[in-house]
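The chain contents come next:
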Amino acid sequence: MKKFSVIFCLIAMLAFAANAGAYSFNVTDFSYGNGGYTSSNTNAIVETFDSTQKWILSGSYGIATGTSTTAAAPWWVNQSNVGAHDATNYLTVPENMNNGNSATISFGGTYNSLSLWWGSIDVYNKLTFYNGTTQVAEITGADLLMAIHGWTSEYTNDHDGAQESSDTNMYVNILGLGNFDSVKLTSTSYAFECDNIAVANVPEPTTMLLLGFGLVGLAGAGRKFKK
């Protein structure tokens, strides 16, 4: 019985560590076309902004098409190295700096991963994730560019925001966030442009490892009781 208690405590500690785990980035690298890249997760819910909106949006935002003085249509490049600005609708934040510099998307459910086609990534773009009123994570454009490219802070500040570069226009998957039900997009200048936002619940590697430990522990405890 004592061994079973030790195993149970170990599993509980691993569960706590899993919940406290840090998020991670990866970039989807496959050709999609003029609608922009999108999530490859078949279970994901995807918002393209081209039809009836799936979620509740609030704050200072616009649904834009093409390029203007305050927003640039995300740039895409296909496998033949042919690219152009996205001709479909996309989200831009803020719509007007006089009305604030952020917008919130409320998903109506909880998820642990978010993906988006992030256009002309600027260091002053920011994603803040919430579960209710509790902040779950905060990610800036600078965080992403340094993590994906290994850029230094100085290099990032000099090379962010390029409108026609694969270095600063990419489909980003953010994993290991913990549960969130809304995300706030903030930009202190024009603009945070994104498209094909997707949310999903993705099993985390730590969680799968935890399940394996649990099954092994229970099997060991069962053998002990049989003896």
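Look above for the structure.
This structure is a prediction, so every number in the text was calculated from the model and none was measured.

Focus on the sheet that holds strand β3 (residues 56-59)
Now for step 1: One open sheet holds the five strands; their spatial order is β3-β8-β13-β10-β11, and the pairing between them is antiparallel. In this open sheet, the two edge strands, each paired with only one partner strand, are β3 and β11 (134-140). Across the sheet, the axes of successive neighbouring strands diverge by a mean angle of 20 degrees, strand direction being ignored.
Now for step 2: Pairing geometry for strand β10 (residues 125-131) and β11, over six bridges, is antiparallel. Bridging from a neighbouring strand, T128 pairs with E138 of β11.

Regarding helix α2 (residues 141-149)
Think of an α-helix as 3.6 residues a turn; residues three or four steps apart then line up on the same face.
Now for step 1: All buried positions along α2 are accounted for by G141, A142, L144 and L145. Considered in projection along α2, the buried side chains sweep an arc of 160 degrees and stay on one side of the axis.
Now for step 2: Buried residues along α2 sit in contact with β1 (24-28), β9 (113-119), β10, β11, α3 (153-159) and β12 (170-175).

Re the environment of N125
Now for step 1: Along the polypeptide, N125 turns up in strand β10.
Now for step 2: Taking relative accessible area as the criterion, N125 reaches 0% and is therefore assigned buried.
Now for step 3: Discounting chain neighbours no more than four positions away, the residues touching N125 are W118, S120, I139, T140, G141, T186, S187, A191 and F192.
Now for step 4: From its side chain, N125 meets the backbone nitrogen of D122 in a polar contact 3.1 Å long.

With respect to the environment of G178
Now for step 1: Inspection of the secondary structure puts G178 in the loop between β12 and β13 (180-187).
Now for step 2: The partly exposed category is assigned to G178, whose relative accessible area is 23%.
Now for step 3: Remark: the alpha-carbon pair of G178 and A137, spanning 41 residues in sequence, is separated by 8.4 Å.
Now for step 4: With sequence-adjacent residues up to four places away left out, G178 is seen in contact with Y111, N112, V136 and E204.

Some words on unusual backbone geometry
Now for step 1: Backbone torsion omega between V93 and P94 reads -5 degrees, so that peptide bond is classified as cis.
Now for step 2: Tracing the backbone through its elements, the reader meets P94 in the loop between β7 (90-93) and β8 (102-111).
Now for step 3: Of note, the bond from Y190 into A191 is cis; its omega dihedral lies within 30 degrees of zero at 0 degrees.
Now for step 4: With respect to the secondary-structure elements, A191 resides in the loop between β13 and β14 (192-200).
Now for step 5: Look at F49: it is not a glycine, yet its phi comes out positive at around 65 degrees.
Now for step 6: Within the secondary structure, F49 sits in the loop between β2 (45-47) and β3.
Now for step 7: Residue F49 is classed as buried on the basis of its relative accessible area, which comes to 3%.
Now for step 8: Phi at S120 is positive, roughly 35 degrees, even though this residue is not glycine.
Now for step 9: Along the polypeptide, S120 turns up in the loop between β9 and β10.

Quick word on the pattern of salt bridges
Now for step 1: Applying the stated criterion to the full structure yields one salt bridge.
Now for step 2: For K126, the salt bridge is made with E138, and the minimal N-O distance between the two is 3.9 Å. Linking K126 in strand β10 with E138 in strand β11, this pair joins segments that are twelve residues apart in sequence.

Notes on the packing of aromatic side chains
Now for step 1: Applying the stated criterion to the full structure yields seven aromatic pairs.
Now for step 2: When the centroid spacing of 5.0 Å and the interplanar angle of 65 degrees are considered together, the rings of W151 and Y155 count as edge-to-face.
Now for step 3: Site record: aromatic cluster; members linked through ring pairs are W55, F107, Y111, F129 and F180.

What counts, and at which threshold
- Residues numbered from 1 in each chain as written.
- Predicted model: local features only at pLDDT ≥ 70, side-chain atom pairs only at ≥ 80, totals over all residues.
- Heavy atoms only, no water.
- Pairing = 2+ DSSP bridges.
- Helix = DSSP H or I, 4+ residues; strand = E, 2+ residues; numbered from the N terminus.
- Axes fitted to C-alpha atoms, helices over the stretch in contact; angles between N-to-C directions.
- Buried < 20%, exposed > 50% of the residue type's maximum accessible area, 1.4 Å probe, protein only.
- Arc of directions from axis to C-beta.
- Contact = heavy atoms within 4.5 Å.
- Polar contact = N/O pair within 3.5 Å; in protein donor to acceptor, adjacent residues only side chain to side chain.
- Salt bridge = Lys/Arg side-chain N within 4 Å of Asp/Glu carboxyl O.
- Phe/Tyr/Trp six-rings, centres within 6.5 Å; stacked < 30°, edge-to-face > 60°.

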